[in-house]
Amino acid sequence: MVVAVSGGADSVALLDFLATGSGLGLRLVVAHVNHGLRGAEADDDERFVRGLAERYGLPMATTSADVRALSRQRRLSLEEAGREARYAFFEEVAGQYGAARIALAHHRDDQAETVLMRLIRGAGVDGLSGMRPRSGDGRYVRPLLSVTRRAIVGYLRKKGLAWQEDASNRDQRFLRNRVRHELLPLLASYNPAIAERLAATAESLAADGELLERLTAERYAVCRDCAGEGLAVPLLRREPDGIRLRLYRRAIAAVKGDLRRLSHRHLQAIDRLVLAARSNGALALPDGVRITRCYDALTVTVGDSGEDYGYELLVEGPGSYRLPGGWNLTVTVGKAPASWEGAALDTAWFDPVAVPFPWLVRTFRPGDRIRPFGMTGEKKVKDLLIDLKIPPLERRSLPLVFAGGVLAWVCGIRRGAVGEVAPGSDRVVVAVCSRER
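Residues numbered from 1 in each chain as written. Predicted model: local features only at pLDDT ≥ 70, side-chain atom pairs only at ≥ 80, totals over all residues. Heavy atoms only, no water.

Where an unreviewed UniProt entry is consulted, the protein appears under the name tRNA(Ile)-lysidine synthase, with the organism given as Geobacter argillaceus. Per UniProt, the comment on the protein under Catalytic activity (unreviewed entry) is "cytidine(34) in tRNA(Ile2) + L-lysine + ATP = lysidine(34) in tRNA(Ile2) + AMP + diphosphate + H(+)". (UniProt positions renumbered as here; feature names shortened; annotations may be inferred.)

Now the structure itself:
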């Protein structure tokens, strides 16, 4: 087990308890991060923690982090940047030593502060449930979460253990410090047990949150099954408001990996997109997240989802051709199926005389028209794609095959009347165009 030790009272008590008093026979590794914010004081903390590790006969891993630079680079507060640096290092140490758990020294007063900070910033059930004794995957544990700071200090004094005082814990520029030294004492004048009550409230909300998450997971699977790569808009509309917002959060987390910088305002914007009468629309959210509604599907992408795939490619004859946007075109000479009934949409058969090489393969342009196979008259490709509810993002990279200046096939969508062959015909050109998902 990796034990995160800063040198403060909380982490010193945690280390002593795990090393001498838990009776669990744990193999411990001490992990310490020098944040590079307090100069000589931070170096003193590192030396102190190293002395603790030696006293208990434990291996120690330490690192120095440029938290200010990380804060600027990722547009985070110093507190958030420090947390990212610590957790990344703890994971690195756990991997190095094969540790299954990482122990953190958060206690009940930390929990009360966390709940108040999230309330001030704005949070729902999940945020106000605070920290958990064990993370969802069991990776992180907080053995002292139900213990008060006062009890921790009493434990250290009883055992004659020293600890380091971090002067930055008094710096009123940090929200947590203002909550700790100003807001909590004020609230205690109304209820002396305020920290205990806030921790109990967090525990109650956490239980509610777990129930809602199980329900959300079930509904998410149903909405996904009915919409392929996205969420089914008709099913989303049937869900209660609270579940809908949770479904949006889950969809974003599944693609992005986290919910950082996602606010309630963003969730409300997504909800308006889902409930709108218009069948198409898009939203740009922080960190390159894009929410797109196309007819009955709501999709989440990260990055430049608006990339222009415009291209032209000459196909001189049979072979395999890799196209932008994840498309693959394979051209062979073969035989037509005995019947067109049930024929795959990603395959087209052409008369090699009526549809001679070279072919021009390119993306859609305004004004493109096709005379569809089995129909009389021409149709605008744009109207065809709209009628078939092809998502706008997919239209940008959709390959079109031209022969002699005539549109012979909108790949995977509709083939033209040019080059028609009869079922069972021998020696026809077989084209297969599919997209990697």
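Picking up after the structure, the text goes on.
Okay, the packing of helix α1 (residues 9-21) against helix α2 (residues 40-56) next. Running from N to C, α1 and α2 point in directions that differ by 10 degrees, and their axes come no closer than 11 Å. Taken together, the axes of α1 and α2 are roughly parallel relative to one another. Between α1 and α2, the contacting residues are Val12, Leu15, Asp16, Ala19 and Thr20 on the first element and Phe48, Leu52 and Tyr56 on the second. (Axes fitted to C-alpha atoms, helices over the stretch in contact; angles between N-to-C directions. Helix = DSSP H or I, 4+ residues; strand = E, 2+ residues; numbered from the N terminus. Parallel < 35°, antiparallel > 145°, perpendicular 65-115°, else oblique. Contact = heavy atoms within 4.5 Å.)

Moving on, we get to the UniProt feature "binding site: ATP" (unreviewed entry) in the protein. The sites that carry the UniProt feature "binding site: ATP" (unreviewed entry) are, in the present numbering, Ser6, Gly7, Gly8, Ala9, Asp10 and Ser11. Mapping Ala9 onto the fold places it in helix α1. With a relative accessible area of 11%, Ala9 lands in the buried category. Setting aside its immediate chain neighbours within four residues, Ala9 contacts Ile152, Leu156, Trp163 and Gln164. With respect to the secondary-structure elements, Ser11 resides in helix α1. (Buried < 20%, exposed > 50% of the residue type's maximum accessible area, 1.4 Å probe, protein only.)

The next point concerns the packing of aromatic side chains. Scanning the model with the defined rule gives five aromatic pairs in all. Judged by centre distance (5.0 Å) and plane angle (35 degrees), the ring pair of Tyr87 and Tyr140 falls under tilted. Taken as a pair, Tyr87 in helix α4 (residues 78-97) and Tyr140 in strand β5 (residues 140-141) lie far apart in primary sequence, 53 residues in all. Just as Tyr87 is buried, Tyr140 falls in that class too. Summarising the aromatic geometry, the rings of Phe350 and Trp359 are spaced 5.7 Å apart at their centres and angled 75 degrees between planes, so their arrangement reads as edge-to-face. Take Phe350: its relative accessible area is 0%, and that puts it in the buried class. By way of ring pairs, the aromatic residues Phe350, Phe357, Trp359 and Trp409 are connected into one cluster. When the ring centre of Tyr87 is taken as origin, the NZ or CZ atom of Arg83, which lies over that ring, is 4.2 Å away. (Phe/Tyr/Trp six-rings, centres within 6.5 Å; stacked < 30°, edge-to-face > 60°. Lys NZ or Arg CZ within 6 Å of the ring centre and 35° of its normal.)

Attention shifts here to the pairing of strand β13 (residues 347-350). Because side chains alternate across β13, one face comprises the buried residues Thr347 and Trp349, and the other comprises Ala348 and Phe350, equally buried. Relative to strand β20 (residues 428-435), β13 is paired through four bridges, and the arrangement is antiparallel. By the bridge assignment, Phe350 is partnered in β20 with Val429. (Pairing = 2+ DSSP bridges.)

What follows deals with the domain arrangement of the protein. Domain annotation of the protein identifies domain 1 (2-198), domain 2 (224-302) and domain 3 (312-435). Domain 2 and domain 3 are separated by 33 Å when their C-alpha centres are compared. Opposite the four residues of domain 2 that make contact, domain 3 presents seven residues. Summing both sides of the interface, domain 2 and domain 3 together bury roughly 460 Å²; the carbon and sulfur share of this comes to 69%. Together, Thr292, Cys294 and Tyr295 form the three largest contributors to the area buried by domain 2 at its contact with domain 3, with a combined 75%. Counting the contacts that link domain 2 with domain 3 gives zero salt bridges. Across the domain 2-domain 3 interface, the total number found is one residue pair in polar contact (both at pLDDT 80 or more). (Domains from an automatic or database assignment. Buried area = accessible area lost by both parts, 1.4 Å probe. Salt bridge = Lys/Arg side-chain N within 4 Å of Asp/Glu carboxyl O. Polar contact = N/O pair within 3.5 Å; in protein donor to acceptor, adjacent residues only side chain to side chain.)

On the basis of which strands lie adjacent, the open sheet formed by five strands has the order β3-β2-β1-β4-β5 and parallel pairing. Bordering the open sheet on either side are β3 (60-64) and β5, each of which pairs with just one other strand. Alignment of strand β2 (residues 29-34) against β3, held across five bridges, turns out to be parallel. Of the residues in β3, the one forming a bridge with Val33 is Thr63. Strands in contact with α2 are β2 and β3; relative to β2, the strand with the most contacts, it is inclined by about 175 degrees. Relative to β2, α4 is tilted by about 150 degrees, and along the sheet it contacts β1 (2-4), β2, β3, β4 (102-103) and β5.

For the structure shown, the criterion picks out 26 salt bridges. A salt bridge links Asp126 to Arg246; its shortest N-O distance comes to 3.1 Å. Here Asp126, found in helix α6 (residues 125-128), pairs with Arg246, found in helix α11 (residues 241-256); they are 120 residues apart in sequence, far enough to count as distant. With relative accessibility at 9%, the residue Arg246 sits in the buried group. For Arg260, the salt bridge identified is with Asp258, shortest N-O distance 3.6 Å. Owing to a relative accessible area of 39%, Arg260 belongs among the partly exposed residues under this scheme. Looking at Asp258, the relative accessible area reads 26%, which means it is partly exposed.

What follows concerns the side chain of Asp271. Relative to the assigned elements, Asp271 resides in helix α12 (residues 264-275). A polar contact is formed between the side chain of Asp271 and the side chain of Arg244, at a distance of 2.6 Å. For Asp271, the side chain forms a polar contact with the side chain of Tyr248, separated by 2.6 Å. Not counting residues within four places of it along the chain, the set of residues in contact with Asp271 comprises Arg244, Leu245 and Tyr248.

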